[in-house]
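Descriptive analysis of the structure
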Protein chains: 2
Amino acid sequence: MKKHEINKDIIWHNQNIMQEKRINLLNQKPCILWFTGLSGSGKSTIANEVEKKLFDMDVKTYLLDGDNVRHGLNKDLAFSEVDRIENIRRIGEVSKLFVDAGIITLTAFISPFRSDRKIASSLVKYGEFIEIFVDTPLDVCETRDPKGLYKKARNGDIKNFTGISSPYEKPEAPIIHLKTDRLDLDQCVDKIIDYLRKYEYIKESK
Amino acid sequence: MKKHEINKDIIWHNQNIMQEKRINLLNQKPCILWFTGLSGSGKSTIANEVEKKLFDMDVKTYLLDGDNVRHGLNKDLAFSEVDRIENIRRIGEVSKLFVDAGIITLTAFISPFRSDRKIASSLVKYGEFIEIFVDTPLDVCETRDPKGLYKKARNGDIKNFTGISSPYEKPEAPIIHLKTDRLDLDQCVDKIIDYLRKYEYIKESK
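To start, this report covers the structure provided alongside it.

Rules behind the numbers
- Residues numbered from 1 in each chain as written.
- Chains lettered and ligands numbered in written order.
- Predicted model: local features only at pLDDT ≥ 70, side-chain atom pairs only at ≥ 80, totals over all residues.
- Heavy atoms only, no water.
- Buried < 20%, exposed > 50% of the residue type's maximum accessible area, 1.4 Å probe, protein only.
- Helix = DSSP H or I, 4+ residues; strand = E, 2+ residues; numbered from the N terminus.
- Pairing = 2+ DSSP bridges.
- Axes fitted to C-alpha atoms, helices over the stretch in contact; angles between N-to-C directions.
- Parallel < 35°, antiparallel > 145°, perpendicular 65-115°, else oblique.
- Left-handed = near helix turned anticlockwise from the far one by under 90°.
- Contact = heavy atoms within 4.5 Å.

**Digging into the pairing of strand 3 (residues 104-108) of chain B**
Residues and elements named next belong to chain B. Taken across its 5 residues, strand 3 has 5 buried, putting it largely inside the fold. Burial along strand 3 is two-sided: the face carrying I104, L106 and A108 and the face carrying T105 and T107 are both buried. In the sheet, strand 1 (residues 31-36) pairs with strand 3 via 5 bridges, with the strands oriented parallel. Within the sheet, the bridge partner assigned to W34 lies in strand 3 and is T107. Pairing between strand 2 (residues 61-65) and strand 3: 5 bridges, direction parallel.

Take a look at the structure:
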């Protein structure tokens, strides 16, 4: 510790440079692909397929979803309104860290409230938040009901269930709008990949 | 959504494969470099230098520290004992996500309690948690006092200040022990880089 003394300004300065450097090292422009939609709309399925496709293109990605967030970072949170807001806030903050690390970050959560999505989007820079509306009609989601949650919600066993007893506020102007009753999985995935290519979030491999 | 149906088992299975694949893609073995030590011991300075050096070797890294965590993810937390435990818990959980993403993750927080560091280490797999003790004598830290915190703590303006009015529990068997009164900054950094090379967390560039 003889050569350098601690200097907050220098450290902070270094960190600002770091994101720029990482973009060059990783050969990609980081962003959050924020999937929003009803339970059972297909958010996780589409996000997983997008991630797989990006991986095959050597893109560095990470997917945040219920599996790795609800049982870890957010395991202290329940489903009250306050906790649901906090859930989305933390996911936004963690996504911001991943974007800072240069990673193309996918999040797959219902995130039903505009105000919460707005907070998440405000955490990152312009162009780093890509809202993707997985627009599947409620009756389709309810027919699928992969986890049996709609049935429980209809029976009153789950309170505040989005689409049944709690509102889903549709994105007013999503950057990518996936009408899943008109598009199959591959078409949904291609639409996202095409967008990332068009705006140079991803490039041809070095 | 016609070709595939949502299947939690398949999704989970994919995610397990993903970390393996990422290790190949990124050509490195992810881990947490967990720096612990008193305020002013030099954790951030050393961690920043290690990150810079790794970056120059094309290693994909991310540094979690007060700058990017305290004002973001953990901005709802104060300095009570409960909040300090929660602070470290979240840092551990976020580090776990970064490790899952294949990133060599550096954390620079006092993390004074063994029990908290033990929880953080238990979140990841064997060999993924590398405890680094930045062992700087209290009187040296207090003389540096880069943020004027020791002075405030001595005056009683800050309560529960590690080393003054709250204990620092030294690591009993840190994987890397940096006695900073005997090593200069470069030697501290080299010791860490050598360890990462020796145990093949980092490899020669492709």
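Back to the text.
**Considering the packing of helix 4 (residues 81-100) of chain A against helix 3 (residues 66-73) of chain B**
Packing of helix 4 of chain A against helix 3 of chain B brings their axes to within 10 Å, and their N-to-C directions diverge by 160°. Between helix 4 of chain A and helix 3 of chain B, the angle falls in the class roughly antiparallel. Crossing handedness for the pair helix 4 of chain A and helix 3 of chain B: right-handed. Residues R89, R90, E93, V94 and L97 of chain A of helix 4 of chain A lie in contact with helix 3 of chain B, whose contacting residues are N68, G72 and L73 of chain B.

**Let's talk about the sheet that holds strand 3 of chain B**
Residues and elements named next belong to chain B. Across the sheet, which stays open at both edges, the 5 strands sit in the order 2-3-1-4-5 with parallel pairing between neighbours. Edge positions in the sheet fall to strand 2 and strand 5 (176-179), since each has one partner strand and no second. Neighbour-to-neighbour, the strand axes of this sheet turn through a mean angle of 15°, independent of strand direction. Inspection of the sheet shows strand 1 paired to strand 4 (residues 129-135) by 5 bridges, in the parallel sense. What sits directly across from T36, in strand 4, is F133. The strands that helix 8 (residues 185-198) touches are strand 1, strand 4 and strand 5; relative to strand 5, the one it contacts most, it runs at about 170°.

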